[in-house]
Structure formats: C-alpha cells, structure tokens
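Understanding the architecture of this molecule
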Number of protein chains: 2
Amino acid sequence: MEENNANLKSWIEVKPDSDFPIQNLPFGVFSHNGQTAVGVAIGDKVVHLGEAYEAGLISDVTKSNVFNEKSLNAFLSLGKTEWRNTRKKVSELLREDNAQLRDNAELREKCILAQSDVTMQMPVEVGNFVDFYSSIEHATNIGSMFRPNNPLMPNWKHLPVGYNGRPSSVVVSGTPVVRPKGQTKADDAELPTFGPSKLLDIELEMGFITGLGKPLSESISTAEALDYVFGMVLLNDWSARDIQKWEYVPLGPFLGKSFATSISPWVVTMDALEPFRVAGPKQEPAVLPHLQCEGDGNYDIHLEAHIQTEKMDASLCMTKTNFKAMYWNVPQQLAHIASNGTNIEAGDVYGSGTVSGTTPDSLGSMLELCWRGTRPLKLPSGEERKFLLDGDEVTLKGWCQGDGYRVGFGECCGKILPAK
Amino acid sequence: MEENNANLKSWIEVKPDSDFPIQNLPFGVFSHNGQTAVGVAIGDKVVHLGEAYEAGLISDVTKSNVFNEKSLNAFLSLGKTEWRNTRKKVSELLREDNAQLRDNAELREKCILAQSDVTMQMPVEVGNFVDFYSSIEHATNIGSMFRPNNPLMPNWKHLPVGYNGRPSSVVVSGTPVVRPKGQTKADDAELPTFGPSKLLDIELEMGFITGLGKPLSESISTAEALDYVFGMVLLNDWSARDIQKWEYVPLGPFLGKSFATSISPWVVTMDALEPFRVAGPKQEPAVLPHLQCEGDGNYDIHLEAHIQTEKMDASLCMTKTNFKAMYWNVPQQLAHIASNGTNIEAGDVYGSGTVSGTTPDSLGSMLELCWRGTRPLKLPSGEERKFLLDGDEVTLKGWCQGDGYRVGFGECCGKILPAK
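Residues numbered from 1 in each chain as written. Chains lettered and ligands numbered in written order. Predicted model: local features only at pLDDT ≥ 70, side-chain atom pairs only at ≥ 80, totals over all residues. Heavy atoms only, no water.

**A closer look at the overall build of chain A**
Just so we agree on the cut-off: Helical segments are the DSSP runs of H or I of at least four residues, strand segments are the runs of E of at least two, and each set is numbered from the N terminus. Note that the radius of gyration is over C-alpha atoms, with the globule rule given as 2.2 Å times the number of residues to the power 0.38. Only protein chains enter the accessibility calculation, which uses a 1.4 Å probe. A residue is then buried if its area is under 20% of the maximum for its type, exposed if over 50%, and partly exposed in between. A contact between two residues is defined here by any heavy atoms of the two lying within 4.5 Å. What sets the accessible areas is the Shrake-Rupley method with a 1.4 Å probe; for residues, cover comes only from the shown protein chains.
A count of helices and strands for chain A gives 11 helices and 26 strands. For 420 residues, the compact-globule estimate of 2.2 N^0.38 gives 22 Å, and the C-alpha radius of gyration of chain A, at 21 Å, lies within 12% of that figure. Out of the 420 residues in chain A, the part that is buried amounts to 62%. Of the contacts made within chain A by residues no fewer than 6 positions apart, 72% connect residues no fewer than 24 positions apart. Only carbon and sulfur atoms are counted for the fraction: they give 47% of the accessible area of chain A, which is about 15,700 Å².

Given below as structure tokens:
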C-alpha cells in the first residue's frame, strides 16, 4: 500500500532515527489540557484525530467521531476497512505536498500537538489478557533450569502454550511498578514466608491487540487471523520469580505476574508492519492443519532492553534480540486461542512470551541473562545486578529497519518502587 | 440487620420454597420490552429499580439513577453504604404493612414485573475472572487421579491456589454451551489430534463478585475483605478434560476452560448471606498471618447439580454438597489476590473452585462422580453418562436454609450443543 512507500516524506520534520516517520503512523490515546483523545504519532508530534475529524479533515473515514474517546476500543471495533481508511487519510494529510493542514495555521494549532505536551494513556480497555510462551530459546532455557533432562514439555511443539493473565493490571509505559509482596519458600526451608519479592525480573515481549471481535462458538483460521489484529506494542511482563516458583504448580503463574504488565502507548498497525514480514523457523514435527500458516508469518523487529539504576548516569543495553525467530507466530497464536470457540474482543492484549535469542547477550529476561544469578550483570556504575532492585528503571525499545527509515514502537518503561 | 429478620413478610406473595423471599432481595440485570435495567428479585417478580428510582420510591439511596444501566457495575462501584441503603429501602418498600407501592396500581404496573416476562442478562461487566481450587476434597481427588502418591501439592495448604480465567467467556445462565474443539493426545498415541472434546465436564462452584475497587499497589486484609465483596452467584466452570490434560503443563488450564463459564443471574448480597456464616475447617498447619481470618469465614450453602438428557422427562440430581466445608474462604481468597498489590475492580468474578464433599454422591464434577469414567452415572432413561453428551442440560441450584424460608441463588443452567 502507498502509505508504506519508503519515498514518502511529511511536511512535519521527522529525524532519521525517529520511530515515527510517515511510514509508521501508530495510534494511541493521549491526554492534553484535561481532555483525552485518540492520536497518531509523527516525528515528535501527535495528530489529534478528534479535532481533525471535527475539522472535516478525516471525516469520511468513519461514520461518527470515534476519536474523542478514552480508548481506541470504539475505533478498533469498526474493523479493518476503517483502520485502513483512517491511516491512509492521515498519511495523505501529512504528505509534504498536501497543503490542506500544512498551510492552515489555525487548524495546525488545534490538530498538531507536541508529544512533550501530552501524557500518553492506556491505548485500549483490556478485555482479555493472554500471555504465550512462544520462543523456543526461552522455553528451552527456562525448562533446562528446572528440568535439565526434559526442558521442553511434550505439548510445546504442537501448540502455542499460553495462559490467561490479569487484564486490570496491564498498565501503560511510565507507570511505576511497586515491588510486589508475596509468599515464597526457600528450597531449604520447611515453611513459606511472606514479604517483598527478592527476585524481580522483566520479560521482554511483543503484544498484539485485537481490533475486530467475534462471538462465542466460532473459530478463526490462520489465513483470517490478521483481519482481527489491529497492531502491536512492546510488552514487559514483570515477573516475581520467587513468588511464581512457589505458587505455579499445578495451575500456572498467578500472583508472580499479576502485579503489573507494561505496554508501550503507541500501537503500530499490522499494515505498517507489512513490509517487515519474514519467514519463521521451520516447525518440526509439522503442526496440525488448523495451525498451519501460509506465507511469511513472522516480523523482523529489533528488540532491546535497557537498565538504569539510580547510580547510573545513562542506561545500559542489557540485551539485543529479534522477534523474527519466534517459533509460534501471531496468526497461529490467534487461531489457537479461537480454536475452542472462545470469543475475541476489541482491545484484547496477547503477549508473545519472552523473546530470547541463541546467544548469551540476546536473552529476554534477567533470569536467563544472569542464568539464575550465576553470572551477574556488571554495570558501569560498579554495581552488579542479578535481579531488579528498588529504583532501577527498565526501558524496552523495538523497531523495524526500513531503507532509510525506522518503523518503531517507541519505549516501554517502568521504574521499580519499594514494596509498600 | 432488620432486612434479614425471619419474621418479615412482603405484600408480594412468596411461596415457601421460593429462593427469593423478602429476606434475600438479590440484584440482577434484566431486559424487558427492549430496555435493560437493574432489578431485585422477590418471589416470582422483579422490582424494576430504574423505574422505582424515577418514581421517587428509592431516590435517596444513591446520588443518581444507576439502575437504568446494562450492568450492575455503576451501582457496585458506589460502595457498601449505597448497597446497604438500597437493599434496606427495597425491603421497606416491599413489607406487607407498607402501602406506598402496594396500593398504587399505576406505580406497581411500572415497577413490578413478572420474572417470566423478562430476560435475565449478565449481571456485571467482568473485568477480571479468577478461579480458585479451594476444596481440599476436590484437590485431593483430582490429585490422587494424576499423582496417587502425592495428591496435594506442597503449596496447597499455605495459599489458596488459583489462576486467571478468561473474562469474556463468562456467560449468564441459559446461554447454550457449544462443545469446544481442541487439541488432545491419547496416552497411547504418538501425536495429538484436533477435534471436538470427548470429555466435557461441569465444575459446581460458587463465585463472589467484587463491588468496590482498589488501585494498584495496595493490599486488602482478611478483616476488610467483605467490604469489597458485593455478593455471590452459582458458577459452572465447564471443563474439557481431554483438552486441559494435554495443554496444562506447565502454565495451567487454558482452552480447556475458556470456551464458557456460566453464572446465575441473581447476585445474592453478602448482607443477605450474613445469617448463614459458619466456621470453616481448621487449617493445619496454621496459615501465615496475612491469611489468618477471625470469626466465621464460611457460608452454609446447600448446592446441587442436576442433569437432563434429551431422553429424560425430568432432571436427575447428580450431586448434593455444601459450600461450608471449603478449606479456603472468601476473605482469604481476596486477601491473597490483593497481597501482591494487584488492583481490584467492580464486577470482577472469583470462582471458589469445584465444591466437593467427602462422600461419592457429594462430588462437584463428573470426573469425580464417575471417577474418571470407571463408575458411570445410571440415568432413569436407561442411559449412562461418564461425561456430557450433546443435548444434555445441567442446572446448578443453591440455597441457605433459614427458619421457614430460603435465601436461594436461583439456577445456573446450560445445554450442550454439538461442536461447530
């Protein structure tokens, strides 16, 4: 589609290393002067879609103004045609040769805001939150720590293993993360104790957000799946490893995860990610027919996690990895979820699972990076970290590299505050 | 409180075996003539609270009319004072000696509807759905089937084990349950297959619904817990045992549960249940201080599950059990959930876990009643059942027995339709 053309330029200045060139145009929700609305990011600016709609600049894209809302949900539930029309219209409006908004100072003042003047909010009201476990490197690493002779469970290569998370504690980037308290038991202790988690960790993930819903009892094929997916975000599935270890048998992770899950505020559309589709790893044994996927199912997304402690002047990149190596892809995850007939809603968030690569510097959690605390991270401040301490701030970054531009996700950050 | 007085009588006729005498007054959401509103059940009638508020009959209980809404959430989020005031006012309005509504035919026509003329809807918008595993009999039964030498996991007596479920597939009683498809693997098969579940089961549970929310990072003590809980419902956590068995290691139940969870439409308030509090079983070893609970933490609620196949003229009671034997109680479950600082929202649903007794006819699932299919249920139609077949209908019932009256929950039913 024309909106992805590498040669497009906007009359709004976009720096070469910006995550938000005209080829991206991600959607988010911001507040400004006490009002909340839907916006699109371009360079270091936000297009106020509520005002743009009122001004007649994009009023033919949807039947009513769904952009002066507190979440993207109303817009998302319209479906793919409306998502595409809106991105196309915003793209046209921002092109360097389009004078309509460019040369109208009064309208520009209303419709174009500085990102530094707005506060980003949760982009969606989260109905369901699911977390997968779809990196074979991560699953094998974790499995080998706990079951050295049997790291991958028998089901792992046959279905994208996942579990339901807690929707209400999915929070937007920037929300502080208060260290959770919980019940833990040391291996050599007879009884558990209750107190602040000592093994607080990150999980570097991507999340996809469904736009179009479907009712109970129907399924979704892998071929149809992307019609239901609006876009993707960075996702940090904060994890208290000590709480998780004690609680998770036999019903899975619960309070070790439910205290906070952070997502980046700008939802990058699947349309903007289209040029970055790549083939995923070969699946052997072959998966069952309903999970088979034609064409390139993966996305080439560079991912990083950075840490900054209170003694550091600048952040340090802890890990660099890539989303393209995931064993299970987005269409397969959604087809699996829907295979039992469960309903899908606009605003559901589906985490990929921790994205880990094959080398020691490409792992997506501190549990793996520091290998259960046996190889601590050395920081430029002279400090060491095995897990997160109070005051530490973690920032995830992610982007697709185009020819001379990036389609990026911005940042997903959170600072650890002491337990209450 | 006066509303629970066993001697109260209403000018609306209530049969002796009704679940909804004036001592109960549960809240629900109904639709009637294309409109949806909040109502209170009495006998076989519904009090239309939206109309009653408009008519000035209950207008001092809340600041605005939160009863012409599609869910209880707006009312619930007001808090316990408003819940109590409303039930108190409705109780006064319905007492036999109160002429205000009794003798006003025009108002009665607007405010009092026959239950047979309305359609019950989901009482709440479900934000979070959690399912516990809090019957020691059930956990021991299931554990002994899969791990004969080690039925209870080491954590079980130290915390109320639970997991997050899927909020969007919590449905109101009466919603048909389409047999889920899914991936399963026979013990003697090398590879899994995909198709309709063959081991479809019920789980007879109670669910509590939170009314008052709390933000991230704060906890709730067992002493405060009931201030956050609005009431309880019957809950059937439909389970596809074959899907569950193959998928659940290591991250817990997922698609084996997420196709449907049914709840009864009338939410019985914790205030109405107050006279039926009883002591729970002694917890040994003693639980950690934050989970200790003063006073009577359990509720004496009789529970039954009935089955009717298409060949049966009437339903058969499969099991009779009681909620009072649960090892972990509601305040402990909520205190545990909130102990890591997660947020609580109005409309969250928390399932108790399957309620099983100690005898073979008091078990809360067909997996236990028929002991993995080894002792099939004999039906009066000459049929047998080990698990549910298409066309079978299951109805849960529950009530507290007062002196000459019942505080009941109505019914929670669902009929199995063939897989699509």
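**As for the UniProt feature "binding site: Mg(2+)" (unreviewed entry) in chain A**
Residue and element names in this part refer to chain A. Note the cut-off: UniProt positions are given in the numbering used here, feature names are shortened, and annotations may be inferred rather than shown by experiment.
The positions that UniProt labels "binding site: Mg(2+)" (unreviewed entry) are, in the present scheme, Asp237, Lys257 and Thr261. Taking the farthest pair of C-alpha atoms as the criterion, the annotated set spanning 25 residues converges on one region, since that pair is 7.5 Å apart. Structurally, Asp237 can be placed in the loop between β14 (229-236) and β15 (239-240). In contact with Asp237, not counting residues within four places along its chain, are Asp131, Tyr163, Ile202, Glu203, Glu205, Lys257 and Thr261. With respect to the element layout, Thr261 can be found in strand β16 (residues 261-263). What Thr261 contacts, discounting residues up to four positions off in sequence, is Phe129, Ser169, Val170, Val171, Leu235, Asn236, Asp237 and Trp238.

**A word on the relation of the copies chain B and chain A**
The test is simple: Least squares is the method used to superpose the copies, on C-alpha atoms of residues holding a pLDDT of at least 70 in both.
The transformation that overlays chain B on chain A combines an axial shift of 0.0 Å with a rotation of 180 degrees, and the residual RMSD is 0.0 Å. Such a combination of rotation and displacement between the chain copies is what one expects of a two-fold axis. When C-alpha positions in chain B are compared against the rotation axis, the closest is assigned to Gly252(B), at 2.1 Å. The share of interface residues of chain B whose copies in chain A are also at the interface is 100%, consistent with both copies meeting through the same surface.

**Notes on the confidence of the model for chain A**
Residues and elements named next belong to chain A. Rules: What pLDDT reports is the predictor's confidence in each residue, on a scale of 0 through 100.
Looking at chain A as a whole, the pLDDT averages 97, with 100% of positions reaching at least 70. Mean pLDDT in chain A bottoms out at helix α6 (residues 136-146), which sits at 94, and peaks at β16, which reaches 99. Predicted complex metrics record ipTM = 0.97 and pTM = 0.98.

**Some points on empty space enclosed by the protein**
Residue and element names in this part refer to chain A. What counts is decided by this rule: Grid points spaced at 1 Å and placed over the protein atoms alone form the basis of the search, with a cavity being a set where a 1.4 Å probe fits but cannot get out and a pocket an open set showing protein on both sides within 12 Å along at least five of seven lines. Lining residues have an atom within 4 Å of a point. Grid points are joined across faces, edges and corners, and a volume is the space filled by probe spheres set on the points. Residues are grouped as follows: Ala, Val, Leu, Ile, Met, Phe, Trp, Tyr, Cys and Pro are nonpolar; Asp, Glu, Lys and Arg are charged; all remaining types, including Gly, are polar. Each domain's limits were defined by an automated method or a database of domain assignments.
This model, assessed by the stated rule, comprises 8 cavities of 30 Å³ or more. Within this model, the largest cavity holds a volume of roughly 80 Å³. What lines the largest cavity is simply Lys80, Trp83, Arg84, Arg87, Leu226, Val229, Phe230, Thr269, Met270 and Asp271. Those elements that place two or more of their residues in the lining of the largest cavity are α3 (80-94), β14 and α9 (270-273). Considering each element in turn, the lining of the largest cavity owes the most residues, 4 residues, to α3. Looking at the lining of the largest cavity, its residues break down into 5 nonpolar, 1 polar and 4 charged. Domain assignment of the residues forming the lining of the largest cavity places at least three in each of domain 1 (2-120) and domain 2 (129-417).

**Re the sheet that holds strand β1 (residues 27-32) of chain A**
Residue and element names in this part refer to chain A. As a reminder, the rule being used: A pair of strands is considered paired only if DSSP assigns at least 2 bridges between the two. Geometry is summarised by axes, namely lines fitted to C-alpha atoms with helices restricted to the contacting stretch, and by angles between N-to-C directions that run from 0 to 180 degrees.
Spatially, the 5 strands line up as an open sheet ordered β4-β3-β2-β1-β5, and their pairing is antiparallel. The open sheet has two free edges, formed respectively by β4 (112-114) and β5 (119-121), since each of these has just one partner strand. With strand direction ignored, the average angle separating the axes of adjacent strands in the sheet is 45 degrees.

**Re the interface of chain B and chain A**
We count it as follows: Throughout, the accessible surface (probe 1.4 Å) given up by two parts as they are put together, summed over both, is called the buried area. What counts as a salt bridge is simple: a side-chain nitrogen of Lys or Arg found within 4 Å of a carboxyl oxygen of Asp or Glu.
Of the residues lining the interface, 57 residues belong to chain B; the matching set on chain A comes to 57 residues. Regarding the contact of chain B and chain A, the summed buried area is about 5,300 Å², with carbon and sulfur atoms giving 60% of it. Area buried by chain B at its contact with chain A is led by Arg166(B), Leu251(B) and Phe254(B), which between them contribute 15% of it. Connecting chain B to chain A are 2 salt bridges. Salt-bridge contacts for Asp348(A) lead to Arg166(B); the nearest nitrogen and oxygen are separated by 3.5 Å. Sorting the residues of the side of chain B that touches chain A by element identifies β6 (129-132), β7 (162-164), β10 (181-184), β11 (193-196), α8 (241-247) and α10 (330-338) of chain B as the ones contributing at least two each. Here the side of chain B that touches chain A gets 3 residues from one element, more than from any other, and that element is β7(B). Here the side of chain B that touches chain A is composed, by residue class, of 30 nonpolar, 20 polar and 7 charged.

**A word on the side chain of Ser173(B)**
Residues and elements named next belong to chain B. Let me state the cut-off plainly: Polar contacts, as used here, are pairs of N or O atoms within 3.5 Å; protein pairs need one atom able to donate a hydrogen and one able to accept it. Residues neighboring in sequence count only if both atoms are side-chain atoms.
If you trace the backbone, Ser173 turns up in the loop between β8 (170-172) and β9 (177-178). Here Glu411 takes part through its backbone oxygen, which lies 3.4 Å from a polar atom of the side chain of Ser173. Reaching out from Ser173, the side chain makes a polar contact with the backbone nitrogen of Cys413 at a distance of 2.8 Å.

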